[in-house]
Structure formats: C-alpha cells, structure tokens
Amino acid sequence: MSKIGYYYRLTIGRIFQFFHRKQFPGQSTFYSIPRINRPDRLICGEGLKVNGNVFINADGGVKIGNRVTLSYGATILAASYDKEAFFRGERCHKNYGIEIGNDVWIGANVTILDGVHICDHVIIGAGAVVTNDISIPYSIYAGVPAKQIKKQKI
C-alpha cells in the first residue's frame, strides 16, 4: 500500500471515530470503517485496532476490552435464533452477548458467535470459528470450532 493510501485510510478512520466517540474512546485506530449493526449496544476499550472488512452485529451486546486487534474480515455475531423455538417452526431471536477481554488478537476471517466470552491475553488464529468460551489466558486458539493449540509459558 502506498504511503498516501495509508494516510487516507487513517484519516477516514479518524473521521469515523469522531462521530462514534461513545463506542470508540481513546486511541483507537481504524484502517477501514467497520460495518456495525446496533452500535448503541457496542462498548469498546481503549487502543482498539480495526482492519478492513470487519462486521459487528451487536444485537445482544458486545463488550471489547483494551488493546484488542480485529484483523481483516473478522465477524462478531451477537445474535442467534432460539434453537428450541426454531425446531418448533418459530423464528425468534435469543441473544446472549459477547465479551472480549484485554490484549486479544483476533486473526483474519475469524467468526465469533453469540454467547462467547474470551478471556485476556489470547490469540485466535485466522479462519477460526469461536463457538464456546475461551477461558485459558496466554493461549492460541484455531480451527473450526476453535480449540486451544498452544499455551504460552509466562
């Protein structure tokens, strides 16, 4: 990417952050503008980094901690159907929300599904689908569904 393109994207990101100061406080960096459903239900910590093509559906509420990186194509879906009602032929939503801790790196094209809690100091590998809670800090998770593949010695 050329130097001009880089500064252009940062400028667009700063304009976006200015209009959404409530959701994105502090020193957040946007390399592209994320698509967000229900931004009023999104809470972010400081130092958030957002790359291109990020989508956040915050129907059930999304809390993102400090110093989190959302890599290219990350998808956060805090909305789902009620499974029991679905099999009865009804279509009603049941939202649990998503919480992402501090110092988390979410890799490219990762999908995080409703009801997931991710602890602090975690890396989620590219292409993973997070369907269950991630509760072991200083770990790397990857795969479909995401599973722990490495624990870092501290």
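Along each chain, residues carry numbers from 1 onward, in the same order as the chain's sequence is written. In view of the model being predicted, local features appear only for residues whose pLDDT reaches at least 70, and side-chain atom pairs are presented and counted only at 80 or more, with totals across whole chains, interfaces and linings using the full set of residues. Hydrogens and waters are ignored; side-chain quantities use all the structure's heavy atoms.

Draft legend 1. Region of interest: the side chain of Asn57. Within the fold, Asn57 resides in strand β5 (residues 55-57). Burial here depends on accessible area, computed with a 1.4 Å probe over protein chains only, as a share of the maximum for the residue type. Under 20% is buried, over 50% is exposed, and the range in between is partly exposed. Assessed through its relative accessible area of 12%, Asn57 is described here as buried. Here the side chain of Asn57 touches Asp59 through a polar contact of 3.2 Å, landing on its backbone nitrogen. The residues touching Asn57, leaving out its near neighbours within four places in the chain, are Asn37, Val62, Ile76, Leu77, Ala78 and Ala79. Segments assigned H or I by DSSP are reported as helices when at least four residues long, segments assigned E as strands when at least two residues long, and all are numbered from the N terminus. Counting of polar contacts relies on pairs of N or O atoms within 3.5 Å, with two restrictions inside protein: one atom must be capable of donating a hydrogen and the other of accepting it, and residues adjacent in sequence are counted only when both atoms are side-chain atoms. A contact between two residues is defined here by any heavy atoms of the two lying within 4.5 Å.

Draft legend 2. Fine view of the sheet that holds strand β2 (residues 35-37). Taken together, 5 strands build an open sheet; the order of strands is β2-β5-β8-β11-β14 and the sheet is parallel. In this open sheet, the two edge strands, each paired with only one partner strand, are β2 and β14 (129-130). In this scheme, strands are said to pair when DSSP sees at least two bridges between them. Relative to β5, β2 runs parallel, the two being bridged by 3 bridges. Within β5, the position partnered with Arg35 by the bridge is Phe55.

Draft legend 3. Up close: the pairing of strand β15 (residues 139-142). Side chains Ser139 and Tyr141 of β15 all project onto a buried face; the interleaved residues Ile140 and Ala142 project onto a face where none is buried. Two elements, strand β13 (residues 122-124) and β15, share 3 bridges in a ladder whose sense is parallel. Paired with Val122 across the bridge in β15 is Ser139. Note: β15 against strand β16 (residues 147-151), 4 bridges, orientation antiparallel. Its bridge partner lying in β16, Ala142 is registered against Lys147. Counting the residues that bridge the hairpin from β15 to β16 gives 4 residues, and of these Gly143 lies at a positive phi of roughly 100 degrees.

Draft legend 4. Just the nonpolar core, in detail. Core analysis: the largest hydrophobic core is formed by 32 residues, its most contacted members being Ile56, Ile64, Leu70, Ile100 and Ile112. Elements with a minimum of two residues in this core: β3 (42-44), β6 (62-64), β9 (98-100), β10 (104-106) and β13. By convention a nonpolar core is built from buried Ala, Val, Leu, Ile, Met, Phe, Trp, Tyr and Cys residues, the set being connected through side-chain atoms within 4.5 Å.

Draft legend 5. Up close: the sheet that holds β13. A sheet is described by the order of its strands in space; here 7 strands give the open sequence β1-β4-β7-β10-β13-β15-β16, paired in mixed fashion. Of all strands in the sheet, those bounded by a partner on one side alone are β1 (29-30) and β16. Note that β1 and strand β4 (residues 49-50) share 2 bridges and pair parallel. Across the sheet, Thr29 pairs through a bridge with Lys49, a residue of β4.

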